[in-house]
Amino acid sequence: MARSEGIVRVRFAPSPTGYPHLGNIRTALFNWLFARHHGGTFILRIEDTDVARLVEGATDTILDSLRWLGLDWDEGPYHQSERLEIYRGVADQLLKDELAYLCYCSLRRLESMRQEQTKKKQPPGYDRRCRHLTREQRAELEASGVTPVVRFKSPLEGQTSFCDLIRGEIVFDNSTLDDFVLLKSDGYPTYHLANIVDDHLMEISHVLRADEWLSSTPRHMLLYQALGWQPPNLAHLPMILGPDRAKLSKRHGAAAVDEYRDQGYLPEAMINFLALLGWSLDDKTELLSRQEIVNHFSLDRISKTAAVFNRDKLDWMNGLYLRGLKLEEFGKRASPFLERDLPLEIERPLDAGYIRQIMPLVQERAKTLAEVPQLTEFFFVDKPEYDAGLLTTKLERAEALEALRASVAKLEELQNWDAASLESVLRPLADELNLKTGEFFGLLRVATTGRTAAPPLFQTMEVLGRERCLERLRAALGKL
Ligand code: GLU
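Residues numbered from 1 in each chain as written. Predicted model: local features only at pLDDT ≥ 70, side-chain atom pairs only at ≥ 80, totals over all residues. Heavy atoms only, no water.

## Re the nonpolar core
In this structure, Y260, F380, L411, L426 and F440 are the most contacted members of the largest nonpolar core, which totals 111 residues. Counting residues per element, this core draws most heavily on helix α1 (residues 22-37), which supplies 9 residues. Those residues in contact with L426, other than ones at most four positions away along the chain, are S407, L411, F440, F441, L444, F458 and M461. Counting residues in hydrophobic clusters, the runner-up holds 20 residues, among them Y87, A100, L182 and I196. (Core = buried A, V, L, I, M, F, W, Y, C linked by side-chain atoms within 4.5 Å. Buried < 20%, exposed > 50% of the residue type's maximum accessible area, 1.4 Å probe, protein only. Helix = DSSP H or I, 4+ residues; strand = E, 2+ residues; numbered from the N terminus. Contact = heavy atoms within 4.5 Å.)

Put into structure tokens, the structure is as follows:
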């Protein structure tokens, strides 16, 4: 254990160099779960020291995504860009202790060195020229006005090892590490420096982060050693791959987290889905509430092997969560999507009472909230648009005409406009017309909704109401 035995302090430390993707948020979630399980502290730290790669608005999107998912933080957000003095101080200390040195090499020199190394198939890395400068050479470079960077003096031999809580003992040869930069010439720290300084000062007990940072960890260990600080516990989370076992990307249907919100996924479903990307309760349980996951979360159920993202599973899970909502709640969550996506010519605000009647017809069918407007558009438009050919896919034109006329006649006389009454006149009418119910109802479905697939016919007609239905049936006659 690092520091105060038993106290859990974890952090999510995103770089605002892009919008948070599933992997980032999975890291946030696992840290949050770990903190909540242990009654610990979840800290949010924005690692915004790579000025050239900052993306405008990324920090806000990160915060919004966390809020949307209910991953509340107890401290922060801290911004590294506001802590430059602290990193500078640590770099100065390392210089003073001769554990780091100033490097004056120009970008041009570094670039041609890199090209040379690639050509010779050597591992890339700084050749340590400035590590060995004489006092005179240094004074000369200093006088020439070049702003130096600060580099760490990596040990030239020996090994660095650490115990990863997920992957076990990991050993690196120091000879594979170059003298990496700690402080850049713009005065900003590199990730390595800022990250370990903050983990130390913020008394982080456990670092749970993506696998891709594993190769940085030996550098961090050397820095901790050099500074005489105790490192936190480390746990590197398994990668997330697409179904084809390639690194997860847009191609696999993976999106930025805020896109999932906009596409109508529920945060509860996302939490459940993301938790299972690398963690499991056992080998069968798929559905777990946030609280259940908090209760059971532990590092020893995190897998060592990569997790596979499956969009169909997310859709399935989201559908289940949608169906699990109380009808009223479903309507409340779907309404903003209706307001946003229904055609603009439909008058706003939409009629809340009418929406309440429609919702039971789609709750069973929608996999996402964004599907609700598509599934229900025909309820709202004045005249559903469709190709007249749809009316005669199963029937001859004459049959369709007769069937529609007979339906209008019967329905004009219908006393109670409810699903049961509609069915009680329309089902026998199929026999009278000598049509199969499937053919006849299919015709009525197209005429009233403009679609071949829609929620159950009689309930749909009940909600559409007498006027709309009769008007649409007459319009269909007109089309024929
Ligand atoms: N800023 C790094 C990132 O963007 C943090 C990595 C870490 O957790 O150490 O993921």
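Now that the structure has been shown, we can carry on.
## Side note on a negative patch on the surface
There is a patch of like negative charges on the surface, built from E345, E377, D382, E385, E467 and E471. As for its placement among the helices and strands, E377 is situated in helix α14 (residues 371-380). For E377, a relative accessible area of 30% gives the class partly exposed. (Patch = residues over 30% accessible without salt bridge, like charges linked within 9 Å, V, L, I, M, F, W, Y side chains within 5 Å. Areas by Shrake-Rupley, 256 points an atom, 1.4 Å probe, with all protein chains shown as cover. Salt bridge = Lys/Arg side-chain N within 4 Å of Asp/Glu carboxyl O. Lys, Arg positive; Asp, Glu negative; His and termini not counted. Charge placed at Lys NZ, Arg CZ, Asp CG, Glu CD.)

## Side note on empty space enclosed by the protein
This model, assessed by the stated rule, comprises 1 cavity of 30 Å³ or more. Within this model, the largest cavity holds a volume of roughly 30 Å³. In this structure, the largest cavity is lined by N195, I196, D199, V207, R209, H220, Y224, P232 and L234. Element by element, the count of residues in the lining of the largest cavity is highest for helix α6 (residues 191-201), at 3 residues. For the lining of the largest cavity, the class distribution of residues is 5 nonpolar, 2 polar and 2 charged. (1 Å grid on protein atoms, 1.4 Å probe; cavity = no way out; pocket = protein on both sides within 12 Å on 5 of 7 lines; lining within 4 Å. Points joined across faces, edges and corners; volume = space filled by probe spheres on them. Nonpolar A, V, L, I, M, F, W, Y, C, P; charged D, E, K, R; others polar.)

## Describing the packing of α6 against helix α7 (residues 217-227)
The contact between α6 and α7 brings their axes to 10 Å, and the two run at 55°. The orientation of α6 with respect to α7, classified from their angle, is oblique. Of the two elements, α6 crosses α7, and the hand of that crossing is right-handed. Of the residues in α7, those in contact with Y191, H192, L193, N195, I196, D199 and H200 of α6 are R219, H220, L223, Y224 and L227. Tallied by class, residues from the contact of α6 with α7 come to 6 nonpolar, 4 polar and 2 charged. (Axes fitted to C-alpha atoms, helices over the stretch in contact; angles between N-to-C directions. Parallel < 35°, antiparallel > 145°, perpendicular 65-115°, else oblique. Left-handed = near helix turned anticlockwise from the far one by under 90°.)

## So, the pattern of salt bridges
Inspection of the entire model under this criterion finds 33 salt bridges. In this structure, D198 engages R45 in a salt bridge whose closest nitrogen and oxygen atoms are separated by 3.8 Å. Within this pair, whereas D198 is found in helix α6, its partner R45 is found in strand β2 (residues 41-46), the two being separated by 153 residues in sequence. With respect to class, D198 is no different from R45; both count as buried. Here R427 and E423 are joined by a salt bridge, their closest N and O atoms 2.8 Å apart. Separated by 4 residues within a single helix, R427 and E423 lie in helix α16 (residues 419-433), roughly one turn from each other.

## Some thoughts on α14
With 7 of its 10 residues buried, α14 lies for the most part within the structure. By the burial criterion, the buried members of α14 are E371, V372, P373, T376, F378, F379 and F380. Considering only its buried residues, α14 is in contact with α12 (327-341), α13 (352-363), α17 (437-449), α18 (457-464) and α19 (466-479).

## Quick look at the environment of E402
By the secondary structure assignment, E402 is in helix α15 (residues 397-413). We classify E402 as partly exposed; its relative accessible area is 47%. Distance from E402 to L477, taken between C-alpha atoms, is 9.3 Å for residues 75 residues apart in sequence.

## Considering the sheet that holds strand β1 (residues 9-12)
With parallel pairing, 3 strands are arranged side by side in an open sheet as β1-β2-β3. At either margin of the open sheet sits one strand with a lone partner, and together these are β1 and β3 (75-79). Geometrically, the sheet is characterised by an average inter-axis angle of 25° between neighbouring strands, direction not taken into account. Most of the contacts of α1 go to β1, to which it runs at about 160°, and overall it touches β1 and β2. (Pairing = 2+ DSSP bridges.)

## Structural notes on the side chain of S65
Following the sequence through the fold, S65 ends up in helix α2 (residues 58-69). The buried category is assigned to S65, whose relative accessible area is 1%. Polar contacts involving the side chain of S65 include one to the main-chain carbonyl oxygen of T61, which spans 2.9 Å. Residues within four places of S65 in sequence aside, it is in contact with P20, I25, V257 and D258. (Polar contact = N/O pair within 3.5 Å; in protein donor to acceptor, adjacent residues only side chain to side chain.)

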